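Listed here are the chains, written in short residue letters.
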Amino acid sequence: MAKRFLALCRQAPYGNALAREGLEAVLAASALEQVPDLLFCGDGVFQLLPEQSPAGIEQKSLQRNLQALPVFGIETAYVCERSLAQRGLDLGMLASGGPELRPVSDTGKLIAGYHSVLNF
Amino acid sequence: MAKRFLALCRQAPYGNALAREGLEAVLAASALEQVPDLLFCGDGVFQLLPEQSPAGIEQKSLQRNLQALPVFGIETAYVCERSLAQRGLDLGMLASGGPELRPVSDTGKLIAGYHSVLNF
Amino acid sequence: MSLHIVSKSPFSSTALADCLAAFSEGDALLLIEDGVYALSGRMSESPAVRPVYCLESDARARGLEIPGAVEAIDDARWVALCTEHNPIVSWFK
Amino acid sequence: MSLHIVSKSPFSSTALADCLAAFSEGDALLLIEDGVYALSGRMSESPAVRPVYCLESDARARGLEIPGAVEAIDDARWVALCTEHNPIVSWFK
Amino acid sequence: MKFSLAVYSAPHSSQSAASALRFARALLAEGHELHRVFFYCDGVHNGSALAAPPQDEPDLLGAWQALQAEHGLDLVVCIAAAQRRGVLSESEARRLERPAANLAEGFELAGLGQLADAVAQSDRLVTFGG
Amino acid sequence: MKFSLAVYSAPHSSQSAASALRFARALLAEGHELHRVFFYCDGVHNGSALAAPPQDEPDLLGAWQALQAEHGLDLVVCIAAAQRRGVLSESEARRLERPAANLAEGFELAGLGQLADAVAQSDRLVTFGG
């Protein structure tokens, strides 16, 4: 049986390359049928805001990558509830069209259930 | 008259290169007789802790650079009082042998008095 | 007086808090890059300091609304702000 | 259970706070690099979680005392901690 | 007004390298003078001739070079920071016995004193880091 | 036990590149296996043959190469991240029409799938970033 692993995404998009390179790693893994689970936490929840328009800063939108996730077998993604609340956000304010977003209150327990974590 | 400028040092030593490269820039400027004033603020105050022994992590101590400052004409350096207090430190706990350390309570007023700021 | 440029998210970095502690009467604050995430918190309604500017392209990139208390600016106005203020202090870590 | 490795100063990054919010009973915390600056604050006397380890070479590099509530370790013990825990989570930003 | 910029970030890692380019373009468009761009710390990678971003990502190197050619910009890469990070001119590569050079056309290596000099010569210094 | 490491930081910019090397040495000294080191994001600069740190600073490149030679390590540099940042093999330099190559001996370029593969093949994955 394959070892389950989690991609923990904690970076806001665009300010640095880690959010983008993290999603690229997730897509590459999934394409090889080693599909990780995803947890958006900290500033990583900002990746999920709708109506991102980075053309003005000459970057590609990350939302295309996010919306491609179900095609690669990632149907749901976890979102840290506490991180949302800290930022004045709730699930209803996030973008739809990608994986189904599932709120998590105890991220520690979730993380501890995986064999490996890829940090982004 | 030369324009006065301030080097604002906000990084802890060793974890990243900016503390070291900041001091190198300050020494290079001073060697060309464009001597900046110095303000240690935020984690930059950690550069001033005594008894740093980075041999175990294969780095050179930054304290040699700090102690060289008076030779290059930097006799005093400002230290943000608030940053010290936040970290449970006071002036008496900092290293001696370099420039004389002068506490500053209103860093904003200090900064606004300069023509330019070099951020490190 | 100083122009303070903050480019990191206030939710993961203390750059904005450190900047506000060094803010003087007459200074101005400009949010760029991930610094614009300050608009998604309490600052958006009642900024701790004034005036506060933000780069419109950085806020739009991230899907953020720009509240009335913050002035959205373009690159030309950014340059103008830098001519109007001195020194320019960057809070990028 | 998880081993959490924190490498940023708690005074300039929220990495440690974010880690503590994701800490579970049975997990362990290891401070490395600038993460050891947590030893200069309140955590040194009464850590919010247990057990807390720190890389001795990183603390010595920075001139920090290692308080009794924190176990100073060398590289071999670091490796051993990684064999004893699973998964390993790095908080580096 | 006479500006100088200090750039500490690598392209394709931090947005601030792109922000510096935007700011440089904007100040020139407004009729100001750009005295010098000093690439320091990880910013030295802006001067690498080997970066090959995907077609649909901006070509920052080409953009700096175009700006340099049009306005005769002084694009200075700190020689000490560049050595540590592997950005070398032909002569540096020979002197340090490294197998190749990668400093892009339009950029030049110079000492750290050029940063202080830029501060002294300019009305405004703006730092791009992070 | 079988370890793999993911390294996201450039040497001489962040301590974590040096920490990764220390950890690799320590786990090998303890008799564990190092399945792969995957250099990603700014970590690709660890594979640059052009870095020339001052004599009194550690030579991380030489240290990785010595460890590779001794233990037959699999030092993999992500090809996509490396292209963006200007770390190229001879064949990549030709293909992308860049003037030189700078990938150091002992390192190889490979796809991002090698990271997921390392996770699947290893008992432990440790990430070094920041």
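Calculation rules
- Residues numbered from 1 in each chain as written.
- Chains lettered and ligands numbered in written order.
- Predicted model: local features only at pLDDT ≥ 70, side-chain atom pairs only at ≥ 80, totals over all residues.
- Heavy atoms only, no water.
- UniProt positions renumbered as here; feature names shortened; annotations may be inferred.
- Helix = DSSP H or I, 4+ residues; strand = E, 2+ residues; numbered from the N terminus.
- Buried < 20%, exposed > 50% of the residue type's maximum accessible area, 1.4 Å probe, protein only.
- Contact = heavy atoms within 4.5 Å.
- Areas by Shrake-Rupley, 256 points an atom, 1.4 Å probe, with all protein chains shown as cover.
- Lys, Arg positive; Asp, Glu negative; His and termini not counted.
- Charge placed at Lys NZ, Arg CZ, Asp CG, Glu CD.
- Pairing = 2+ DSSP bridges.
- Right-handed = clockwise from strand over helix to strand, strands pointing away.
- Least-squares fit on C-alpha atoms with pLDDT ≥ 70 in both.
- 1 Å grid on protein atoms, 1.4 Å probe; cavity = no way out; pocket = protein on both sides within 12 Å on 5 of 7 lines; lining within 4 Å.
- Points joined across faces, edges and corners; volume = space filled by probe spheres on them.
- Nonpolar A, V, L, I, M, F, W, Y, C, P; charged D, E, K, R; others polar.
- Buried area = accessible area lost by both parts, 1.4 Å probe.
- Salt bridge = Lys/Arg side-chain N within 4 Å of Asp/Glu carboxyl O.
- Polar contact = N/O pair within 3.5 Å; in protein donor to acceptor, adjacent residues only side chain to side chain.

Chain E carries the name tRNA 2-thiouridine synthesizing protein D in an unreviewed UniProt entry, which gives Microbulbifer yueqingensis as its organism. Quoted verbatim from the Sequence similarities (unreviewed entry) field of UniProt, the annotation for chain E is "Belongs to the DsrE/TusD family." Recorded in UniProt for chain E, the comment headed Subcellular location (unreviewed entry) runs: "Cytoplasm".

As named in an unreviewed UniProt entry, chain C is tRNA 2-thiouridine synthesizing protein B, taken from Microbulbifer yueqingensis.

A word on the overall build of chain E. A tally of helices and strands in chain E yields five helices and five strands. For chain E, the N- to C-terminal ordering of α and β elements is β-α-β-α-β-α-α-β-α-β. Counting across all 130 residues of chain E, residues that qualify as buried make up 69%. Restricting the contact set of chain E to residue pairs at least 6 apart, pairs at least 24 apart contribute 78%. Of the accessible surface of chain E, which amounts to about 4200 Å², a share of 44% is contributed by carbon and sulfur atoms. Counting 10 positive and 15 negative side-chain charges, chain E places the averaged centre of each group 7 Å from the other.

A few words on the pairing of strand β1 (residues 3-6) of chain D. All names here are of chain D. The side-chain alternation of β1 yields two buried faces, one formed by Leu3 and Ile5 and the other by His4 and Val6. When β1 meets strand β2 (residues 28-31), the two strands line up parallel, connected through four bridges. Note that in β2 the partner of Val6 across the bridge is Leu31. Between the parallel elements β1 and β2, the chain passes through helix α1 (residues 15-21) in a crossover that is right-handed. In terms of strand pairing, β1 meets strand β5 (residues 88-91) through four bridges, oriented parallel. Bridge pairing in β5 places Val6 opposite Trp91.

This next bit is on the relation of the copies chain E and chain F. Superposing chain E onto chain F takes a rotation of 180° combined with a translation of 0.0 Å along the rotation axis, leaving an RMSD of 0.0 Å. Here the two chains are linked by the operation of a two-fold rotation axis. Distance from the rotation axis, computed per C-alpha, reaches its smallest value in chain E at Ala100 of chain E: 3.2 Å. Take the interface residues of chain E: 100% of them recur as interface residues in chain F, which is what a same-surface contact looks like.

The next thing to look at is empty space enclosed by the protein. Overall, the coordinates contain 13 cavities of 30 Å³ or more when judged by the stated rule. Taken together, 26 residues line the second largest cavity, and the ones lying closest to its centre are Glu58 and Gln59 of chain A together with His12, Glu57 and Pro58 of chain E. Contributing elements (two or more residues each) for the lining of the second largest cavity: α1 (18-31) of chain A together with α1 (15-29) of chain E. Counting residues per element, the lining of the second largest cavity draws most heavily on α1 of chain E, at seven residues. Among the residues making up the lining of the second largest cavity, the classes are represented as ten nonpolar, seven polar and nine charged.

Let us look at the interface of chain E and chain F. Contact residues are listed per partner, giving 23 residues for chain E and 23 residues for chain F. Buried area between chain E and chain F, summed over both chains or domains, comes out near 2000 Å², and the portion from carbon and sulfur atoms is 52%. Interface area lost by chain E to chain F is led by Leu50, Ala52 and Arg84 of chain E, which between them contribute 34%. Between Glu57 of chain F and Arg84 of chain E there is a salt bridge, with its nearest N and O atoms 2.8 Å apart. Taken together, the links from chain E to chain F amount to twelve residue pairs in polar contact (both at pLDDT 80 or more). Within the side of chain E that touches chain F, the residues separate by chemical class into eleven nonpolar, seven polar and five charged.

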